[in-house]
Amino acid sequence: MGVSRLDVLYRKLLLTKLFIQGWGKPEDLKRIFEFRKIIGNRDKCKHLVPRDYPVFTDKVEDHSDCKIHNGHFISPLEHLVPGVLPAESVKARFQFIVPKRWRKHRPVCIHLAGTGDHFFWRRRTLMARPMIKEAGMASLLLENPYYGYRKPKDQVRSSLKNVSDLFVMGGALILESAVLLHWLEREGFWPLGMTGISMGGHMASLAVTNWPKPIPLIPCLSWTTASNVFTTGVLSKAVNWRQLEKQYATHTVYEKEIIHMLEYCGTDSFRMGQDFVRNSPGSFEKLSGLALSRDLLGLSGAEGEQVGGRPGAGGRGPDPSLLLQRRDGDGLDRMLSAVSSSRPHMDMLHAKNISPGAGQRHSLQRESLCFMKGVMDECTHIANFSVPVDPSLIIIVQAREDAYVPRTGVRSLQEIWPGCEVRYLGGGHVSAYLFKQAIFRKAIYDAFDRFVQKYPLL
């Protein structure tokens, strides 16, 4: 599998840094992880969001083809985990774009925003308005915490300040999606479904795991976990690894307390990876001396090669040797992916003596990378959440050469959600977003049709 050159080039043109303030407050991470254990189990959180949760609609805009209702409500996360949301993000805002004439039923698709998708105009223009014209389908656009009207005053554009911000965003969107689904049901709309592109697709996937009924889900350009996005994908180069390493080394709470809250997320190759580290204690050090060519890292874009995604340059990122991937997809990357997202490996890693100098630097890089993978898997790995009620209603659209969302070394969605459908597009993440929106919409229509045929009376 190759990697899109456009994805790599586009990332190089963006100068923003992610997580410039570090991991986030340890107490916030602890509260988020505890809450994840609740919302990760659908049976435990049936009553977290009441069916009559208050939603308010404001002004209505009248257009030739539709009416746009603006609305808001208080995020349930503020009630359940008080103070974890920034003040600006507490009020959830949305736009509800409704056709003036319904063709059949009153279908509504909730669209969650991808990275950098502030306010509503992008989803409204590229997805919602065409969906009214093509299928007479309404769209509800929910604004993410930390974006648009909900962006903290001291945040620069889309650059989340802390790693924990991403987890707060996810927890909030799961609950807020439930609020909107309940509201749409009360208002008599049917059928209801969810979609999103890139990060929006992943957030929609998490939200649907929490919904207690069959529901169409169409995640586009997303996969099973965000851990690879920030450790081996091209976005890993935007991560402020220096700050994360410094904070991890300075505050022992991350190593001594938070690591023990991370749960194993079911990777089948966990045992293989654990044995690899146990039997080859010097393997990482030996690999760190390798010279990595562009071909070895997979950045040449040749057919059959997979991106390595080396974060940073000039020694500013994690040890590149950790990010090597065998082209058959069953080598070092899979083992590292498995072991670095599991608590036993982390315990073993921290028990090792750290040599001074360059060895200490490399060890700190490894530990920070493992910690990132662990916390990301804890809060974003699909296997850490309930399986949706009916996976046959899920149509995933993925780009074959996606350099933003690597699929090597992580479990497939088909394995975690048996019965779901995956449709692959040619090209990478950026080209698919720019030119394949019609294919995303077609998948939405197909998933909704499948639901109506299977559950005509639900």
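One can find the structure itself at the top, above this paragraph.
Rules used in this analysis
- Residues numbered from 1 in each chain as written.
- Predicted model: local features only at pLDDT ≥ 70, side-chain atom pairs only at ≥ 80, totals over all residues.
- Heavy atoms only, no water.
- Helix = DSSP H or I, 4+ residues; strand = E, 2+ residues; numbered from the N terminus.
- Expected span 1.5 Å × (residues − 1).
- Buried < 20%, exposed > 50% of the residue type's maximum accessible area, 1.4 Å probe, protein only.
- Axes fitted to C-alpha atoms, helices over the stretch in contact; angles between N-to-C directions.
- Parallel < 35°, antiparallel > 145°, perpendicular 65-115°, else oblique.
- Left-handed = near helix turned anticlockwise from the far one by under 90°.
- Contact = heavy atoms within 4.5 Å.
- Nonpolar A, V, L, I, M, F, W, Y, C, P; charged D, E, K, R; others polar.
- Pairing = 2+ DSSP bridges.
- Right-handed = clockwise from strand over helix to strand, strands pointing away.
- Core = buried A, V, L, I, M, F, W, Y, C linked by side-chain atoms within 4.5 Å.

Chemist: Let's hear about helix H2 (residues 26–39): which residues, and what values?
Modeler: For H2, which comprises 14 residues, the first-to-last C-alpha distance of 20 Å matches the rise-based estimate of 20 Å (1.5 Å per residue) to within 8%. Those residues of H2 that sit buried are Pro26, Asp28, Leu29, Ile32, Phe33, Phe35, Arg36 and Ile39.

Chemist: Go over the packing of helix H4 (residues 121–135) against helix H18 (residues 437–454) with me, naming the residues and quoting the values.
Modeler: Where H4 meets H18, the closest approach of the two axes is 11 Å, and the angle between their N-to-C directions is 55 degrees. Taken together, the axis directions place H4 and H18 in an arrangement best described as oblique. Pair H4 / H18 crosses with right-handed handedness. Judged by residue contacts, Leu126, Met127, Pro130, Met131, Glu134 and Ala135 of H4 engage Gln437, Phe440, Arg441, Ile444 and Tyr445 from H18. For the contact of H4 with H18, the per-class residue count stands at eight nonpolar, one polar and two charged.

Chemist: Describe the packing of helix H5 (residues 163–186) against helix H6 (residues 199–209), naming the residues involved and giving the relevant values.
Modeler: Two elements in contact, H5 and H6, have axes separated by 9 Å at closest approach and are oriented at 55 degrees. Considering their axes alone, H5 and H6 lie oblique with respect to each other. Here H5 and H6 pass one another in a crossing that is right-handed. Residue-level inspection shows Leu166, Met169, Gly170, Leu173, Ile174 and Ser177 of H5 in contact with H6, the latter providing Met199, Met203, Leu206 and Ala207. Residues belonging to the contact of H5 with H6 are distributed by class as follows: eight nonpolar, two polar and no charged.

Chemist: I'd like to hear about the pairing of strand S6 (residues 192–197), residue by residue, with values.
Modeler: Buried residues dominate S6, accounting for six of its six residues. Judged by which residues are buried, S6 turns out to be covered on both faces: Leu192, Met194 and Gly196 on one side and Gly193, Thr195 and Ile197 on the other are all buried. Strand direction decides the pairing type here: strand S4 (residues 108–112) and S6, joined by five bridges, are parallel. From the neighbouring strand, His111 faces S6, where its bridge partner is Thr195. As paired elements, S6 and strand S7 (residues 217–220) share four bridges and run parallel to each other. Pairing of Thr195 across the sheet is with Ile218, part of S7. Taken together, S6, H6 and S7 form a β-α-β motif whose crossover is right-handed.

Chemist: Let's hear about the side chain of Ser89: which residues, and what values?
Modeler: Examined against the element boundaries, Ser89 turns out to sit in the loop between helix H3 (76–80) and strand S3 (91–99). Those residues in contact with Ser89, other than ones at most four positions away along the chain, are Pro145, Tyr146 and Arg150.

Chemist: Lay out the environment of Gly116 in plain terms, naming residues and giving numbers.
Modeler: Mapped onto the secondary structure, Gly116 falls in the loop between S4 and H4. For the pair Gly116 and Gly148, spaced 32 residues apart in sequence, the C-alpha to C-alpha distance is 9.3 Å. Discounting chain neighbours no more than four positions away, the residues touching Gly116 are Arg122, Tyr147 and Ser158.

Chemist: Talk me through the nonpolar core; I want residue IDs and the actual numbers.
Modeler: Residues Trp23, Phe33, Phe96, Phe167, Met194 and Phe230 are the most contacted members of the largest nonpolar core, which totals 94 residues. In terms of residue count, H5 provides more of this core than any other element does, 15 residues in total. Not counting the four nearest positions on each side in its chain, Phe33 is found in contact with Phe167, Ile258, Met261, Leu262, Val375, Glu378 and Cys379. Core analysis: the next-biggest nonpolar cluster, separate from the first, contains 19 residues, Met131, Ile197, Ala432 and Tyr445 among them.

Chemist: Let's hear about the side chain of Ser164: which residues, and what values?
Modeler: Mapped onto the secondary structure, Ser164 falls in helix H5. By relative accessible area, Ser164 is classed as buried at 4%. Residue contacts for Ser164: discarding those within four places in its chain leaves Trp23, Gly24, Leu29 and Ile32.

Chemist: An account of unusual backbone geometry is requested, with residue identities and associated values reported.
Modeler: Cis geometry marks the peptide bond from Trp190 to Pro191, where omega comes out at -5 degrees. With respect to the secondary-structure elements, Pro191 resides in the loop between H5 and S6. Of note in the backbone geometry, Phe19 takes a positive phi value of approximately 60 degrees without being a glycine. As for its position among the elements, Phe19 is in the loop between helix H1 (5–13) and H2.

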